[in-house]
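# Secondary and tertiary structure notes
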Amino acid sequence: GAANIGVVGLAVMGSNLARNLASREGNTVAVFNRSRAKTDELVQTHPEAGFLPAFSYEEFAANLQKPRTAIIMVKAGRPTDAVIDELMRVFEPGDIIVDGGNSLFTDTIRREKAVREAGFNFVGMGVSGGEEGALLGPSLMPGGPDESWVTLGPILKSIAAVAEGEPCVTHVGHDGAGHFVKMVHNGIEYADMQLIAEAYDLIRRGTGKSPAEIADIFAEWNRGELESYLIEITAEVLRQTDAVTGQPLVDVIVDQAGAKGTGAWTVQTALDLGVPVSGIAEAVFARSLSSHREQRDVSGSLPGPDDAAFTVEDADAFIEQVRLALYASKIVAYSQGFDEIRAGAAQYGWNIDLGAVSKIWRGGCIIRAQFLNRIADAYAAEAELPVLLTAPYFVEALGRAQDAWRHIVQVAAGAGIPAPAFSSSLSYYDGLRAERLPAALIQGQRDFFGAHTYKRIDTDGTFHTLWSGDRSEVEAEDTH
Ligand code: NDP
């Protein structure tokens, strides 16, 4: 075969990734899609790419140089398993199968094991950046064995986005590590979007500014420490006028946010790992709440605050407070996301360089932001940092923002405006700060009804109070 790399699955992501690959010096790209039409269309519309099309898995395998390398870009779940089975049928041991779809990392762990046992290399790779990223430069998060990185690394570096001269790809870790990190990326993306939405809502309701005016505020914020792709596109969306009604587009769009499930995976996994990703969870739940139109109080019968009219006196000061609340909450969301990666790495035995992860998110992906350099700096200074937001840079930023943050959460609560991500992030922050937490009471309750025992602050050992007896304390066996 003449092709050094192949792509299976030629819907929007696969065809754009194939074009990206073909545009790089030295690549010849073999392409295959289950149904013929997509292959024909891609090859006909992009003759400059010099694709080698195939119409059977056998032909696709024959078009590839050995060891063969193929990237699968099909629907996650069963379709991915089906394609892997077909490739194993026509490939030979030593060939590399890459899954670039949005697969659940536990599926990737399972697949890697099965494919490795059959003698092939398997790499689960997170791809972020949507269709434009796939075409012009995505952020790539490959997992899989070290050997595959030798072959795959140079190819992936050539197609990835570039941030400050560095390609946005790193070998994240073994088996499911890449898809795990991609999953958390998406969870952070949910939180980031929710926080921006809360900021917009508060400014609009508090100052009465129009979406177009708020677009200018976001464009301004995009020149400062909040500079990011999501802030940039927020300004674009808010500035858009609907051609049919002449209204701001945002006022014409139905206020129910959809989801494809990766945010929910992030939260489910965090629950299993016991990691508090409350900001991300609130963002996922806020989308759920919005979608339950039938539960939302359309008749306005749920009582709100008496003083429903909400206008701020000093709009500029208020906007700056919202900006600070957004920044502080964003720090919390990223800190929680990195906490989940740290816990996942410990649980699954991955050696993940958290600083390298933050760097490959600087370009190509949806959460790309200036801010990620600060995260990289924090891990460069202290690789084993237990909680990202305790790094000096973030401590300073949170200290600077906290008065405004508290004020905004108060104002939102007082005015009856939902700000679930702002307020849960602040509670998380105050939870970390608290010298004593009421968890002591919870342990007491647990000991009362279930003899779950407790530790004492003044001595080692495990204790139980004889609640249904004379209420004296006895030393208990450590149940851990
Ligand atoms: P889709 O997720 O819509 O998947 C369509 C592709 O899957 C088609 O090529 C289709 O082939 C193929 N397919 C479906 N079932 C099978 C099967 N049983 N056997 C073989 N092929 C099958 O395409 P996208 O391009 O949107 O996404 C591809 C992957 O990339 C997905 O896993 C997605 O989650 C992920 N992703 C998508 C992003 C995006 O922005 N869209 C961003 C990052 C990742 P056929 O034409 O024959 O039906």
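If you check an unreviewed UniProt entry, the chain appears there as 6-phosphogluconate dehydrogenase, decarboxylating from Microbacterium thalli. Under the Pathway (unreviewed entry) heading, UniProt states for the chain: "Carbohydrate degradation; pentose phosphate pathway; D-ribulose 5-phosphate from D-glucose 6-phosphate (oxidative stage): step 3/3." Per UniProt, the chain carries the Sequence similarities (unreviewed entry) text "Belongs to the 6-phosphogluconate dehydrogenase family."

Here we take up the site of the ligand. Taken together, 19 residues lie around the ligand, and Met 13, Asn 33, Ser 35, Lys 38 and Val 74 are the ones closest in. Leu 10 has a polar backbone atom sitting 3.5 Å from an oxygen atom of the ligand. One of the backbone nitrogen or oxygen atoms of Val 12 is found 3.4 Å away from an oxygen atom of the ligand. Contact with the protein chains removes 79% of the 890 Å² of surface that the ligand exposes when unbound. Of all the elements in the fold, those that place two or more residues in the shell around the ligand are α1 (12–22) and α4 (78–90).

For helix α5 (residues 105–117), which comprises 13 residues, the first-to-last C-alpha distance of 18 Å matches the rise-based estimate of 18 Å (1.5 Å per residue) to within 8%. What α5 keeps buried is the set Phe 105, Thr 108, Arg 111, Glu 112 and Val 115. For α5, the angular spread of the buried residues around the axis is 110°, confining them to a single face. Lining the buried residues of α5 we find α4, β5 (96–99), β6 (121–128), α8 (177–207), α12 (262–273) and α14 (315–348). At the C-terminal side of α5, Gly 119 shows a positive phi close to 100°.

It is the rolling of a water-molecule-sized probe over the atoms that shows where space remains empty. Empty space within the second largest pocket amounts to approximately 310 Å³. Lining the second largest pocket are 17 residues, with Ile 352, Asp 353, Leu 354, Ala 383 and Glu 384 sitting closest to its centre. Contributing elements (two or more residues each) for the lining of the second largest pocket: α14, α15 (354–360) and α16 (372–381). For the lining of the second largest pocket, a count of residues per class yields 10 nonpolar, 2 polar and 5 charged.

Looking at the secondary structure, you find Arg 111 in helix α5. Given the relative accessible area of 2%, Arg 111 is considered buried. When residues no more than four places from it in sequence are discounted, the contact partners of Arg 111 are Gly 77, Thr 80, Asp 81, Ile 84, Asp 99, Ser 103 and Phe 122.

Attention now moves to the pattern of salt bridges. A full pass over the atoms with the stated rule returns 30 salt bridges. The residue Arg 111 makes a salt bridge to Asp 81 at a minimum N-O spacing of 2.8 Å. Remark: Asp 81 occurs in helix α4 and Arg 111 occurs in helix α5; sequence separation between them is 30 residues. Between Glu 86 and Arg 89 there is a salt bridge, with its nearest N and O atoms 2.6 Å apart. In this pair, Glu 86 and Arg 89 are both assigned in helix α4, 3 residues apart and thus about one turn of the helix distant. Judged by its relative accessible area of 27%, Glu 86 falls in the partly exposed class. By sharing partners, the salt bridges in this structure join Asp 81, Asp 99, Asp 107, Arg 110 and Arg 111 into a single network.

What follows deals with the packing of aromatic side chains. Think of a pair of aromatic rings as described by two things: how far the centres are apart, and how the planes are tilted against each other in angle. Following the criterion strictly, the structure yields 18 aromatic pairs and no others. Ring geometry for Phe 105 against Trp 350: centres 6.1 Å apart, planes inclined by 80°, an arrangement best described as edge-to-face. With Phe 105 in helix α5 and Trp 350 in the loop between α14 and α15, this residue pair connects regions lying 245 residues apart in the sequence. A residue is classified by how much of its surface remains accessible, and Trp 350, at 6% relative accessible area, is buried. Between Phe 218 and Trp 221 the ring centres are 4.9 Å apart and the planes differ by 65°, which places this aromatic pair in the edge-to-face class. Here Phe 218 pairs with Trp 221, and both are found in helix α9 (residues 211–221), just 3 residues apart, close to one helical turn. According to the relative accessible area criterion, Trp 221 is buried, its value standing at 6%.

On to the sheet that holds strand β1 (residues 5–8), then. Across the sheet, 7 strands lie side by side as β3-β2-β1-β4-β5-β6-β7; this open sheet has mixed pairing. The open sheet has two edge strands, β3 (52–53) and β7 (139–142), and neither has a second partner. Looking at chain direction, β5 and β6 are connected through 4 bridges and run parallel. Within β6, the position partnered with Asp 99 by the bridge is Gly 124. Relative to the sheet, α8 contacts β5, β6 and β7, its axis offset from that of β6 by approximately 15°.

Between α9 and helix α10 (residues 229–239), whose axes approach to 8 Å, the crossing angle comes to 165°. Judged on the interaxial angle alone, α10 and α9 are roughly antiparallel. The two elements α9 and α10 meet at a crossing, and its hand is left-handed. Here Pro 211, Ala 212, Ile 214, Ala 215, Asp 216, Phe 218, Ala 219 and Trp 221 of α9 lie close against α10, whose contacting residues are Ile 231, Thr 234, Ala 235, Leu 238 and Arg 239. Residues of the contact of α9 with α10, tallied by class, amount to 10 nonpolar, 1 polar and 2 charged.

What counts and what doesn't
Residues numbered from 1 in each chain as written. Predicted model: local features only at pLDDT ≥ 70, side-chain atom pairs only at ≥ 80, totals over all residues. Heavy atoms only, no water. UniProt positions renumbered as here; feature names shortened; annotations may be inferred. Near = heavy atom within 4 Å. Polar contact = N/O pair within 3.5 Å; in protein donor to acceptor, adjacent residues only side chain to side chain. Areas by Shrake-Rupley, 256 points an atom, 1.4 Å probe, with all protein chains shown as cover. Helix = DSSP H or I, 4+ residues; strand = E, 2+ residues; numbered from the N terminus. Expected span 1.5 Å × (residues − 1). Buried < 20%, exposed > 50% of the residue type's maximum accessible area, 1.4 Å probe, protein only. Arc of directions from axis to C-beta. Contact = heavy atoms within 4.5 Å. 1 Å grid on protein atoms, 1.4 Å probe; cavity = no way out; pocket = protein on both sides within 12 Å on 5 of 7 lines; lining within 4 Å. Points joined across faces, edges and corners; volume = space filled by probe spheres on them. Nonpolar A, V, L, I, M, F, W, Y, C, P; charged D, E, K, R; others polar. Salt bridge = Lys/Arg side-chain N within 4 Å of Asp/Glu carboxyl O. Phe/Tyr/Trp six-rings, centres within 6.5 Å; stacked < 30°, edge-to-face > 60°. Pairing = 2+ DSSP bridges. Axes fitted to C-alpha atoms, helices over the stretch in contact; angles between N-to-C directions. Parallel < 35°, antiparallel > 145°, perpendicular 65-115°, else oblique. Left-handed = near helix turned anticlockwise from the far one by under 90°.

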